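Here is what each chain is made of, one letter per residue.
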Amino acid sequence: MSLFDPITKLPGVGEKRASLLHHLGIFNIEDLLTHYPFRYDDLQTKLPSQSLDGEKTAFKGIVSSPVTISRFGYKKTRIFFRLLVEHDNISVSFFNQPWLKDRIVEGQELAVFGIYDANRASLAGQKIIDLKEGSLNAVYPVDQHIRQKTLIQLIENAYAKYSDQIVDLVPASIRQTFSLLHRQQQIYAMHFPKSIAEAKAARRSAAFEEFFLFQMRLQLIKRYSAVNYGKQIDFDPKTVADFIKSLPYDLTDDQSKVVDQILKNMRKKQHMNRLLQGDVGSGKTVVAAISMLAAVSAGMQAAIMVPTEILARQHAVNLSKLFDASPLNVRVELLTSALKTLERRQVLSDLADGQIDIIVGTHALIQKDVKFHNLGLAVIDEQHRFGVKQRAALREQGQNPDILSMTATPIPRTLEITAYGQMDVSTISHLPAGRKAIVTRWVQSNLSDRVFQWLKSMLDKGAQAYVVTPLIEESEQLDLKNADLVYDQLKQDLFPYKVGLLHGRLSNEEKEGAIDAFSNGKFQVLVTTTVVEVGMDVKNATIMIVLDADRFGLAQLHQLRGRVGRGNKKSYAIFIADPKTQYGIDRMKALTDTNNGFLLAQKDLELRGPGDLTGIKQAGMPDFTVGDPVHDLKMMESAQEAASDLVSRENWDSDKENAGLVEYLSLTMDRYKDFD
């Protein structure tokens, strides 16, 4: 016998019922025993005077009237009777449970659970209570195929038959440290608690176990992939140090710290899979440049993959300027889909021959005809914009180079240790000295005219501005501002100032023309879509106006705000929006309350809640069934620390104390092969 026996081993579960249980994610006994309740109804009876209006409560009394049943609609019924609870006569109704009529007789003592309406002295009945069952009633996630009563009976049968197979998965030393229940006791109390306190203790233990097992998998994946897929990069420290000294500015303390972390990682034989996170403008690019130069000094190549051609072009220009001061004579080239056929062939040939040291590109880098001579480091910028398979493709093309992923969308701690738990994380927390806070305002659309009058006055003083719209052209389905219409309007309203247009449907030549004209000051205003979200670096641009801002994500709006404030002039971000919900209003307020991307990311997570983590599924956010990774963050951190400490111990998997855990992991993991 084993907890991993198929569910059909239970009496009464044939192939048909098993297939219905599969819809609930129940395939074996372990799945059934850990299919935990999502709430408990307190069946302890009260008096009406002790109950609140709208509260779920239980009353015990004497049936004081005949039981009547009325039928209405298609197969709809209502059972009605009165229940004398001490001195109160309560009207009780049960809807669509006609079989209950035979169980209720005038004069009998009865306990009923339901929703109390204090104003009408009535109870919308949900169930008749068997007082022998205990005062707490577990309520499970089920569907139309499996009823609560059926599931409870199966769980009772499974526990009775398999309870002696339940072994502890969390090692004794960790259980003692965090005062956790033994697993057998935990499972029983989750399903059949005698009190709310017992249910809470069981849920706490079950949540920690869930987090701990998840973190154990991440730790094993991280260690297995590092050991088996490593590439040692033996760089020249003097070349790197001289390059850092040649920079026109000093690195911040945060930048120096993360450079040290990355270089130490690259020097090891173990594979580097590191995430560099930092707010917009925190200086991640120069950190990546130092890391790539280190790879080149070791005789290897480096690549940086970015999501847009605008950003690729910007990186290629900036990196070439940075490496002008390097004695290595670093050759930087650009590879995007915009290259003409002959240019592309030459770049691919030089890349394969090792004549190109650093290649900057978009998705074009992961095409089948791209071959590297000796790729040592792959940098993935704005990594959340690439799917798992795309990131893996770059790693595989270069014979498993070290990976440095970067994001300017700060990651809340919750996601850092779940969705990104298989990576080492480096963080630049502070902006370089001298960066001025961007003045941020949220205004409603009825004040748009004032905003553009103010904009014209700022243009008179030599400013440049972005105006961002959610659409390129007019839509019949959406009543939103579009770039074409706004462009035509502003050309008139802002005359004699020049207005440019930039969006994703323009040809590459048109895009480059618009960007160059704005960068060189030929356009004072650039009407655009979110193609400018990353990659635009125009230091004289000090104004960002976003129309219909409530149609954009909070992180996206913060990124757009980061396109200004890149010089030494005072900068402004104006978000024009008429949010229709409190959630939308809270998002706009959050933007105006802080320029700190880390605080904003945490606020965004809190506003959305753990049930609506948009975009996180792609990053690997797990479905936790007991614990809440947003509100149980300290518990998750403790589980991560405990798992990391355990796996770092030599021969931990041969320790008798960990035998149950090792067996469980061996049955639930495919030897750590499916890592990203």
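Conventions and cut-offs
- Residues numbered from 1 in each chain as written.
- Predicted model: local features only at pLDDT ≥ 70, side-chain atom pairs only at ≥ 80, totals over all residues.
- Heavy atoms only, no water.
- Helix = DSSP H or I, 4+ residues; strand = E, 2+ residues; numbered from the N terminus.
- Contact = heavy atoms within 4.5 Å.
- Areas by Shrake-Rupley, 256 points an atom, 1.4 Å probe, with all protein chains shown as cover.
- Lys, Arg positive; Asp, Glu negative; His and termini not counted.
- Charge placed at Lys NZ, Arg CZ, Asp CG, Glu CD.
- Salt bridge = Lys/Arg side-chain N within 4 Å of Asp/Glu carboxyl O.
- Buried < 20%, exposed > 50% of the residue type's maximum accessible area, 1.4 Å probe, protein only.
- Phe/Tyr/Trp six-rings, centres within 6.5 Å; stacked < 30°, edge-to-face > 60°.
- Pairing = 2+ DSSP bridges.
- Axes fitted to C-alpha atoms, helices over the stretch in contact; angles between N-to-C directions.
- pLDDT = per-residue confidence, 0-100.
- Parallel < 35°, antiparallel > 145°, perpendicular 65-115°, else oblique.
- Left-handed = near helix turned anticlockwise from the far one by under 90°.
- Nonpolar A, V, L, I, M, F, W, Y, C, P; charged D, E, K, R; others polar.
- Polar contact = N/O pair within 3.5 Å; in protein donor to acceptor, adjacent residues only side chain to side chain.

*Asks:* Would you mind going over the overall build of the chain with me for this structure?
*Replies:* Assigned secondary structure in the chain consists of 22 helices and 21 strands. At a minimum sequence separation of 6, the contacts of the chain that also span at least 24 residues come to 73%. Of the roughly 32300 Å² of accessible surface on the chain, a fraction of 48% belongs to carbon and sulfur atoms. A gap of 2 Å separates the mean positions of the 82 positive and 82 negative side-chain charges of the chain.

*Asks:* Would you mind going over unusual backbone geometry with me for this structure?
*Replies:* Note: most peptide bonds trans; most residues except glycine with negative phi. Of the consecutive residues F495 and P496, the connecting peptide bond is found in the cis state with omega at 20 degrees. Non-glycine residue N96 carries a positive phi angle of around 60 degrees. Relative to the helices and strands, N96 is located in the loop between β5 (88-95) and β6 (109-117). A positive phi angle, close to 55 degrees, is found at S179, a residue other than glycine.

*Asks:* Just checking my understanding: could you explain the pattern of salt bridges for this structure?
*Replies:* Going through the model one piece at a time under the given rule, you end up with 13 salt bridges. K264 is the partner of D260 in a salt bridge, and the nearest nitrogen-oxygen pair spans 3.4 Å. Within this pair, D260 and its partner K264 are both found in helix α8 (residues 253-267), separated by 4 residues, close to a single helical turn. For R331, the salt bridge identified is with D350, shortest N-O distance 2.8 Å. In this pair, R331 sits in the loop between α10 (309-322) and β11 (332-335) while D350 sits in helix α11 (residues 341-353), placing the two residues 19 residues apart along the sequence. Classification of R331 as partly exposed rests on a relative accessible area of 26%. Residue classification places D350 among the buried positions, given a relative accessible area of 6%. The structure contains a network of salt bridges with shared partners spanning E30, R183 and E209.

*Asks:* Help me understand the packing of aromatic side chains in this model?
*Replies:* Each aromatic ring pair is characterised by the separation of its centres together with the angle its planes make. With the rule as written, the count across this model stands at 12 aromatic pairs. Geometrically, the ring pair formed by Y466 and F518 is tilted, given 5.0 Å between the ring centres and 55 degrees between the ring planes. One end of the pair, Y466, is in strand β17 (residues 464-468); the other, F518, is in helix α16 (residues 508-519), and 52 residues separate them in sequence. Looking at Y466, the relative accessible area reads 0%, which means it is buried.

*Asks:* I would appreciate a short explanation of the sheet that holds strand β9 (residues 273-278) in the present structure.
*Replies:* The strands making up a sheet associate through backbone hydrogen bonding, with each pair oriented either parallel or antiparallel. In spatial order, the strands read β11-β12-β10-β13-β14-β9-β15; together these 7 strands make up an open sheet with parallel pairing. Either end of the sheet is taken by a strand with one partner, and the two such strands are β11 and β15 (424-428). The sheet shows a mean angle of 20 degrees between the axes of neighbouring strands, direction not considered. The pairing of β9 with strand β14 (residues 402-407) spans 5 bridges and is classified as parallel. Bridge pairing in β14 links L275 to S405. Sheet strands in contact with α11 are β10 (301-305), β11 and β12 (358-361), and its direction is about 130 degrees off that of β11.

*Asks:* Before we go on, may I ask you to explain the pairing of strand β19 (residues 525-528) in this structure?
*Replies:* Each regular strand displays side chains that alternate between the two surfaces of the sheet. Where burial is concerned, the two faces of β19 agree: the one with V525 and V527 and the one with L526 and T528 are both buried. Of the pairings in the sheet, the one linking β17 to β19 comprises 4 bridges and is parallel in character. What sits directly across from V467, in β19, is V527. Sheet topology note: the strand β18 (residues 499-502)/β19 ladder contains 4 bridges and is parallel.

*Asks:* Just to check I follow, could you spell out the sheet that holds strand β20 (residues 541-547) for this structure?
*Replies:* Spatially, 6 strands are ordered β16-β21-β20-β17-β19-β18 in an open sheet, and the strand pairing comes out parallel. Edge positions in the open sheet fall to β16 (439-443) and β18, since each of these has one partner strand only. Direction aside, the axes of adjacent strands within the sheet are offset by 15 degrees on average. Two elements, β17 and β20, share 5 bridges in a ladder whose sense is parallel. Each bridged residue has a counterpart across the sheet, and for Y466 the counterpart in β20 is M544. Helix-sheet contacts for helix α14 (residues 448-459) involve β16, β17, β19, β20 and β21 (572-576), and the interaxial angle to β20 is about 165 degrees.

*Asks:* How should the confidence of the model for the chain be read in this particular structure?
*Replies:* Should the pLDDT be low somewhere, the predicted coordinates at that spot are not to be read in detail. The predicted model of the chain averages 85 in pLDDT, with 90% of residues at 70 or higher. Mean pLDDT across the secondary structure elements of the chain bottoms out at helix α20 (residues 616-619), with 40, and peaks at helix α5 (residues 183-191), with 96. Note that pLDDT drops below 50 for residues 610-620; the model gives that stretch 19 contacts with residues more than four away or on any other chain. Low pLDDT, under 50, characterises residues 671-676; the stretch is placed with 13 contacts to residues that sit more than four places away or in other chains.

*Asks:* Looking at this model, I keep getting lost on the packing of α10 against α16. Mind explaining?
*Replies:* Two numbers describe a pair of packed helices, the interaxial angle and the distance between the axes. Contact geometry of α10 with α16 gives a least axis separation of 11 Å together with a crossing angle of 55 degrees. Between α10 and α16, the interaxial angle falls into the category oblique. For the pair α10 and α16, the crossing hand works out as right-handed. Contacts from E309, I310 and R313 in α10 reach N508, E512, I515 and D516 in α16. Partitioning the contact of α10 with α16 into residue classes produces 2 nonpolar, 1 polar and 4 charged.

*Asks:* How do you make sense of the side chain of R561 when you look at a structure like this?
*Replies:* Note that R561 resides in helix α17 (residues 554-561). Reaching out from R561, the side chain makes a polar contact with the backbone oxygen of L591 at a distance of 2.8 Å. Excluding its chain neighbours within four sequence positions, the residues that come into contact with R561 are I438, T440, A573, F575, L591, T594, N595 and L600.

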